[in-house]
Amino acid sequence: MASFSQFGSDLYTGKRSYDIVGRRKRWYLIALIAIVVSLAVPWLRGGYQLGIEFTGGSEFTISDAKNLDQNLATQTVERIVPNGVPRVSQLGTHGIRVQTGQLTDRETTEVQDALAKAYDVREDQVASTFIGATWGADVLAQAIRGLVIFLALAAVFMTVYFRTWKMSLSAMAALLHDLLITAGVYGIVGLEVTPAAVIGFLTILGYSLYDTVVVFDKVRENTSQESHRTFTQSVNLAVNQTLVRSINTSIVALLPVGAILFIGSYVLGAGTLRDISLALFIGIIVGTYSTIFIASPMYAHLRENEPKIKQSDAKKVLAAQKRQREVDAAASV
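Residues numbered from 1 in each chain as written. Predicted model: local features only at pLDDT ≥ 70, side-chain atom pairs only at ≥ 80, totals over all residues. Heavy atoms only, no water.

Asks: What's the story with the side chain of Ser-250 in this structure? I'm lost.
Replies: For Ser-250, the position within the fold is in helix α10 (residues 243-267). Only 2.4 Å separates the side chain of Ser-250 from the side chain of Thr-288, close enough to count as a polar contact. With sequence-adjacent residues up to four places away left out, Ser-250 is seen in contact with Tyr-207, Ile-284 and Thr-288. (Helix = DSSP H or I, 4+ residues; strand = E, 2+ residues; numbered from the N terminus. Polar contact = N/O pair within 3.5 Å; in protein donor to acceptor, adjacent residues only side chain to side chain. Contact = heavy atoms within 4.5 Å.)

Take a look at the structure:
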């Protein structure tokens, strides 16, 4: 514990430092590759798998089933609705969920009865729900609208709070990075995007924004003070000073989210808990990366060529060279 504490202290004072900002091209390349993969793979797979809350359809839930064979549900539905394309998943340890496209009342009754017989349960143990396509489209539109409003308000807040649009742009780029990669994981793995997952997406954007604001506060503090460091060096120092905090915060957040994910998925079979916690789990990891390796390096990149900063950095470099010559001269005496 003492050594880790010393490690954090060394990072804060500058005794130990990692050149994160100076190697920004490397981090940009990693992020670019991850984003391209996140966009390309779901597109090649035919797009994202949206839940019936967005597309509309019918859902059947079988409770207290002794037989959890998912193929049995698929075959049962396809016998009644050949073009139904059912999606079957297990809920907890004794449940089966079957989702299909929109069915007529007659088809819904037939599928419900057939599933009860196939799994040897009572008919009242097979619950059916129906979501219309219009309602699903409204939910999707509301989710997209909420995302756009969140990003717009976050951009305005960052611009006003830090008094520079370049910090806001860097933060928005990091948030977009988090959103694309988190959603990309869903598309790559073939996970279903539900309203609960969208709530998770919005939550991790808030988490990532909070982490970025903390780092940017330190960046502003360092760059507003007179020192021998250049602008880029001051930004890099701020990233190093908040590095341990960012990692610790992420680990502390991941532990309960991971527990909820495990309990929700494998113990309770609660789809909502699973969807929210999975989005949070992925997003926290991606958000930590973007805060450290995308937001601050991009901000330094946007500002380092400003005339005032270039002039100040040039003077500091000359002063540092002069000090080094004086040290070399004293050492040779």
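Now that the structure has been shown, the text picks up again.
Asks: Teacher, can you tell me more about the pattern of salt bridges here?
Replies: Opposite charge on two side chains allows them to pair when their charged atoms are near. Scanning the model with the defined rule gives eight salt bridges in all. Note that Glu-221 and Lys-218 form a salt bridge whose closest N and O atoms lie 3.3 Å from each other. Here Lys-218 and Glu-221 lie together in helix α8 (residues 195-224), a separation of three residues that amounts to about one turn. Residue Glu-221 is classed as partly exposed on the basis of its relative accessible area of 36%. You can call Lys-218 buried: its relative accessible area is 11%. Through salt bridges that share partners, Lys-166, Arg-303 and Glu-306 make up one connected network. (Salt bridge = Lys/Arg side-chain N within 4 Å of Asp/Glu carboxyl O. Buried < 20%, exposed > 50% of the residue type's maximum accessible area, 1.4 Å probe, protein only.)

Asks: Quick question: what am I supposed to make of unusual backbone geometry here?
Replies: Across residues other than glycine, the phi torsion is negative in most instances, and most of the peptide bonds are trans. The phi angle at Asp-120 is positive, at roughly 55°, despite the residue not being glycine. Mapping Asp-120 onto the fold places it in the loop between α5 (105-118) and β5 (126-131). For Asp-120, a relative accessible area of 71% puts it in the exposed group. Non-glycine residue Arg-163 carries a positive phi angle of around 60°.

Asks: Even after reading the chapter, I still don't get the sheet that holds strand β3 (residues 87-91), so can you show me in this structure?
Replies: Picture the strands of a sheet paired through backbone hydrogen bonds; they go either parallel or antiparallel. If you trace the four strands from one edge of the open sheet to the other, you get β3-β4-β2-β5, paired in antiparallel fashion. The open sheet terminates on both sides in strands that have one partner only, identified here as β3 and β5. The sheet shows a mean angle of 20° between the axes of neighbouring strands, direction not considered. Sheet analysis places strand β2 (residues 57-62) next to strand β4 (residues 95-100), joined by five bridges and oriented antiparallel. (Pairing = 2+ DSSP bridges. Axes fitted to C-alpha atoms, helices over the stretch in contact; angles between N-to-C directions.)

Asks: Can you help me understand the packing of aromatic side chains in this one?
Replies: Aromatic ring pairs: the centre-centre distance and the angle between the two ring planes describe each pair. The final tally for this structure, using the stated rule, is eight aromatic pairs. Note on Phe-157 and Tyr-161: the rings are 5.6 Å apart at their centroids and 15° apart in plane angle, and the pair reads as stacked. One end of the pair, Phe-157, and the other, Tyr-161, are both in helix α6 (residues 133-162), four residues apart, so they sit about a helical turn from each other. Judged by relative accessible area, Tyr-161 falls into the partly exposed class, the value being 33%. Among the aromatic side chains, those forming a connected cluster through ring pairs are Phe-157, Tyr-161, Phe-162, Phe-216, Phe-231 and Tyr-299. Note that Arg-26 overlies the ring of Trp-27, its terminal NZ or CZ placed 5.8 Å from the centroid. (Phe/Tyr/Trp six-rings, centres within 6.5 Å; stacked < 30°, edge-to-face > 60°. Lys NZ or Arg CZ within 6 Å of the ring centre and 35° of its normal.)

Asks: Please clarify how the nonpolar core should be interpreted in this entry.
Replies: Within soluble globular proteins, side chains that are nonpolar generally end up buried alongside one another. Of all hydrophobic cores here, the largest spans 56 residues; its most connected members are Met-158, Tyr-186, Phe-201, Phe-216 and Val-219. Of all the secondary-structure elements, those providing two or more residues to this core are α2 (24-44), α6, α7 (165-189), α8, α9 (231-241), α10 and α11 (271-303). Ranked by the residues each element gives to this core, the list is headed by α11, at 13 residues. Val-219 has contacts with Met-167, Val-235, Ala-238, Ser-296 and Tyr-299, leaving out every residue within four places of it along the chain. Counting residues in hydrophobic clusters, the runner-up holds 17 residues, among them Phe-60, Val-111, Ala-116 and Tyr-119. (Core = buried A, V, L, I, M, F, W, Y, C linked by side-chain atoms within 4.5 Å.)

Asks: Would you mind going over the packing of helix α4 (residues 70-80) against α5 with me for this structure?
Replies: A pair of packed helices is captured by two measures, namely the crossing angle of their axes and the spacing between those axes. At a minimum axis distance of 10 Å, the contact between α4 and α5 shows a crossing angle of 145°. Both α4 and α5 take part in a crossing whose hand is right-handed. Listed contacts from α5 to Leu-72, Ala-73, Thr-76, Val-77 and Ile-80 of α4 are Glu-110, Val-111, Ala-114, Leu-115 and Ala-118. Of the residues in the contact of α4 with α5, the class split is eight nonpolar, one polar and one charged. (Left-handed = near helix turned anticlockwise from the far one by under 90°. Nonpolar A, V, L, I, M, F, W, Y, C, P; charged D, E, K, R; others polar.)

Asks: So what exactly am I meant to see when it comes to the confidence of the model for the protein chain here?
Replies: In regions of low pLDDT, the predicted coordinates are not meant to be interpreted in detail. A residue-level look at the protein chain finds 87% of positions with pLDDT of 70 or above and a mean pLDDT of 81. Here helix α1 (residues 2-13) stands out as the element of the protein chain with the lowest mean pLDDT, 64, in contrast to α2, whose mean of 91 is the highest. (pLDDT = per-residue confidence, 0-100.)

Asks: How should α5 be read in this particular structure?
Replies: Every α-helix carries 3.6 residues per turn, so stepping three or four residues along brings you back to the same face. For α5, with 14 residues, the first-to-last C-alpha span of 20 Å sits near the 20 Å given by 1.5 Å per residue. Among the residues of α5, those classed as buried are Glu-107, Thr-108, Val-111, Gln-112, Ala-114, Leu-115 and Ala-116. Those residues of α5 hidden inside the fold are in contact with β2, α4, β4 and β5. One or two residues past the end of α5 sits Asp-120, with phi positive at roughly 55°. (Expected span 1.5 Å × (residues − 1).)

Asks: I keep staring at the side chain of Ser-58 and nothing clicks. Help me out?
Replies: For Ser-58, the position within the fold is in strand β2. With relative accessibility at 1%, the residue Ser-58 sits in the buried group. With residues up to four places along the chain from it excluded, the contact list for Ser-58 reads Ile-52, Val-98, Gln-99, Thr-100, Gly-101, Gln-102, Leu-103, Thr-108, Thr-129 and Phe-130.

Asks: Honestly, the environment of Tyr-289 in this entry has me stumped. Any pointers?
Replies: Looking at the element boundaries, Tyr-289 is found in helix α11. Each residue touching Tyr-289, except ones within four places of it in the same chain, is listed here: Trp-27, Ile-30, Ala-31, His-177 and Ile-294. Reaching out from Tyr-289, the side chain makes a polar contact with the backbone oxygen of Trp-27 at a distance of 3.3 Å.

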